[in-house]
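Structural overview for review
Chain residues, written in single-letter form:
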Amino acid sequence: MRLRFHCQNRIGILRDIVAHFADYGLNVARGEVGGEHGNAIYLYVPNLLNAQLATLKPELEAVPGVFGVRRVSLMPSERRHLELDALLSSLTDPVMSIDMEGHLVAANRAASQLLGVRVDEVPGLSLDRYLPDLDLPELIRRNNARVNGLRIHLRESTFLADIAPLHRENHDDVASLAGAVVTLHSVDRIGERIYQVQRQEFRGFEAMFSASPRLSALIHEARRMAPLDAPLLITGETGTGKEVLARACHLASHRGQAPFMALNCAGLPESMAETELFGYAPGAFDGARPEGKLGLLELTAGGTIFLDEVGEMSPRLQGKLLRFLQDGGFRRVGSDEETYLDVRVICATQQDLLSLSQSGEFRQDLYHRLNVLSLAVPALRECLDGMEPLARHFIDRASRQIGCRLPELSSAALARMANYHWPGNVRQLENVLFQAVSLCETGTIEPSHLRLPDAGAPVGLAGLELDGKLSDIVAEVERRVLSALYPQHPSSRQLAKRLGVSHTTIANKLNRYGIGQSHDDQ
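One structure accompanies this document, and this report is about it. (Residues numbered from 1 in each chain as written. Predicted model: local features only at pLDDT ≥ 70, side-chain atom pairs only at ≥ 80, totals over all residues. Heavy atoms only, no water.)

1. Points about the overall build of the protein chain
Broken down by element type, the protein chain carries 19 helices and 20 strands. Across the 522 residues in the protein chain, those meeting the buried criterion constitute 43%. Looking at the protein chain alone, contacts between residues at least 24 apart form 64% of all its contacts between residues at least 6 apart. Total accessible area on the protein chain is roughly 27,500 Å²; 50% of this is exposed by carbon and sulfur atoms. (Helix = DSSP H or I, 4+ residues; strand = E, 2+ residues; numbered from the N terminus. Buried < 20%, exposed > 50% of the residue type's maximum accessible area, 1.4 Å probe, protein only. Contact = heavy atoms within 4.5 Å. Areas by Shrake-Rupley, 256 points an atom, 1.4 Å probe, with all protein chains shown as cover.)

Written out as structure tokens, the structure reads:
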């Protein structure tokens, strides 16, 4: 059992506390001092039972300077270890710590797999076994500063190594080298890494395209909701950018500098989703880590948790999430201790949660808790008036990442995109254009460069909102027709001839719908 004593920082108080355990024949295995002013003492008493604690607690709280005693699930050092372990485990690049004798001190899972050993077998391994031609300790001594991009060969693979020296202070307050942290980046993935950095460089509202009036209205709504602490429900089809919108809301809030964590609830078994979100206590089940595990909620303390595909959450998890939304409290798996946190919850789904709640497949009380604030992200086919600037943006980014000249986008290719149904929405558009840039050798992207599968194309009125008056529905159809044909006939006169109506009629309609305003009318 682990205990926390809220107490004075006075000489001898630890001795006075431990003496009571000795009287009961209980061994104190470990102790730590915490708190901002050393006003907290943590003790680990392995064999202490609940009944014994009930008897001992009045005696312990009677010790001069002790203000309170309570059970805790983790010692401070155990929490720091879990947080560090969670951080290192999340890194896909191999990371290892070495000492100045050339021995490995620790490594993350990616590094241990690269070395061909288990994580617990890493400490003490000699670097000479893997890098016989490189004296890393000597390199660290010689530079005594960070080294970036050192090319090394390890187990038949080539990496670029970033080496960060570690310093410690001796008794004379003089810093001396204690070792280094080495991060390995695969040369084969450098291009991919650059692309990912470019994609994530700007995650705020500034990075979101608002060329379409519908997207502009969505971003305006989101900016107003972002500073609020109430739960936010984002709905929209796959690939519409729900997580991008959630990140932008997080960054625009007072929590913007705090963590943002995401969990996709789809496809996860209930037990795994529960431990990922809420964590588990030490020894909670067979195969569990002896020190337990922190859940995403605790790692997000003070920040924002994003739950994607929340409609896939099991009834049990729905109940735990509802309880957390009500009072900020939850219990880790296998623990009877309450944990309270300040975390904003943003959820996303492509399902109709209202219908699911009415049919009993989703808790109605949870639905109403989540739906305090809501944003509906439109499908790409509903924002075709913003297609051209968005397409040119993706082409520019792809050409920069690939390292080729910026290709032009032909009017025929733009028309092909405007007439496509885009089941994968913005994500599919980005992928298609990235591939088109890589295929293009002529300097102009043509329809042949666009790999667009026709499976699942909508028919009839699919994708058309039928709410409102007939005039509104007809206007939307008219707008879509003009948006689709304008790239092929880019002037009011050409388009009027194509549709068999007067030039004035088409000019007025183009102006009404904001189509082709960036082009000079011919």
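2. Regarding empty space enclosed by the protein
Under the definition given, this model contains three cavities of 30 Å³ or more. Of the volumes computed, that of the largest cavity is approximately 50 Å³. For the largest cavity, the full set of lining residues is M96, L115, L127, Y130, L131, L136, I152, L154, V182 and L184. Those elements that provide at least two residues to the lining of the largest cavity are β7 (147-154) and β9 (175-186). Looking at the lining of the largest cavity, its residues break down into 10 nonpolar, no polar and no charged. (1 Å grid on protein atoms, 1.4 Å probe; cavity = no way out; pocket = protein on both sides within 12 Å on 5 of 7 lines; lining within 4 Å. Points joined across faces, edges and corners; volume = space filled by probe spheres on them. Nonpolar A, V, L, I, M, F, W, Y, C, P; charged D, E, K, R; others polar.)

3. Considerations on unusual backbone geometry
Within the chain, E309 stands out as a residue other than glycine whose phi angle is a positive 50 degrees. Structurally, the position occupied by E309 is in the loop between β14 (304-308) and α11 (315-327). Residue E309 is classed as buried on the basis of its relative accessible area, which comes to 11%.

4. Considerations on the sheet that holds strand β1 (residues 2-7)
In a beta sheet, neighbouring strands pair by backbone hydrogen bonds and run either parallel or antiparallel. Read across the sheet, four strands follow the order β2-β3-β1-β4 without closing on themselves; strand pairing throughout is antiparallel. Edge positions in the sheet fall to β2 (30-34) and β4 (66-72), since each has one partner strand and no second. Within this sheet the neighbouring strands show an average axis-to-axis angle of 20 degrees, counted without direction. Pairing analysis gives five bridges linking β1 to strand β3 (residues 40-44), with the strands arranged antiparallel. Looking across to β3, one finds that F5 is bridged to I41. Its contacts with the sheet put helix α1 (residues 13-23) on β1, β3 and β4, and the angle it makes with β3 is roughly 30 degrees. Running at roughly 160 degrees to β4, helix α2 (residues 50-61) makes contact with β1 and β4 of the sheet. (Pairing = 2+ DSSP bridges. Axes fitted to C-alpha atoms, helices over the stretch in contact; angles between N-to-C directions.)

5. Observations concerning the sheet that holds strand β11 (residues 260-264)
Read from one edge to the other, the open sheet built from five strands follows the order β11-β14-β17-β10-β18, with strand pairing classed as parallel. Of all strands in the sheet, those with a lone pairing partner are β11 and β18 (373-376), marking the two edges. On average, each strand axis in the sheet is tilted by 20 degrees relative to the strand beside it, whichever way the strands run. Pairing of strand β10 (residues 232-235) with strand β17 (residues 344-349) involves four bridges; the strand directions are parallel. Paired with I234 across the two strands is A348, which belongs to β17. This element, helix α7 (residues 213-225), spans β10, β17 and β18 of the sheet and lies at about 160 degrees to β18.

6. What to know about the side chain of K242
Looking at the secondary structure, you find K242 in helix α8 (residues 242-251). Buried and unpaired, K242 has E309 as its nearest opposite-charge partner, separated by 4.9 Å. Polar side-chain contacts of K242 include one of 3.1 Å to the backbone oxygen of G236. Here the side chain of K242 touches E237 through a polar contact of 2.9 Å, landing on its backbone oxygen. (Lys, Arg positive; Asp, Glu negative; His and termini not counted. Salt bridge = Lys/Arg side-chain N within 4 Å of Asp/Glu carboxyl O. Polar contact = N/O pair within 3.5 Å; in protein donor to acceptor, adjacent residues only side chain to side chain.)

7. Thoughts on the packing of aromatic side chains
For the coordinates displayed, the defined rule picks out five aromatic pairs. Considering the side-chain rings of F260 and F306, the 6.2 Å spacing of their centres and the 20 degrees angle between planes classify their relative orientation as stacked. With a gap of 46 residues between them, F260 in strand β11 and F306 in strand β14 connect regions that are remote in the sequence. Here F260 matches F306 in class, with each residue buried. Taking 4.8 Å as the distance between ring centres and 65 degrees as the angle between the ring planes, the aromatic pair formed by Y280 and F285 counts as edge-to-face. Exposure remark for Y280: the relative accessible area of 8% places this residue in the buried category. Exposure remark for F285: the relative accessible area of 37% places this residue in the partly exposed category. Ring-pair connections join several aromatic residues into one group, and the members of that group are F278, F324 and F330. The aromatic ring of Y44 is capped on one face by R2, whose charged end is 4.6 Å from the ring centroid. Lying over the aromatic face of F278, K320 brings its terminal NZ or CZ to 4.4 Å of the ring centre. (Phe/Tyr/Trp six-rings, centres within 6.5 Å; stacked < 30°, edge-to-face > 60°. Lys NZ or Arg CZ within 6 Å of the ring centre and 35° of its normal.)

8. Points about the packing of helix α18 (residues 492-499) against helix α19 (residues 503-513)
Between α18 and α19, the shortest axis-to-axis distance is 8 Å and the interhelical angle comes to 115 degrees. The angle between α18 and α19 falls in the class roughly perpendicular. Like other packed secondary-structure pairs, α18 and α19 cross with a definite hand, here right-handed. Mapping the contact onto sequence places S492, R493, L495, A496 and L499 in α18 and H503, I506, A507 and L510 in α19. (Parallel < 35°, antiparallel > 145°, perpendicular 65-115°, else oblique. Left-handed = near helix turned anticlockwise from the far one by under 90°.)

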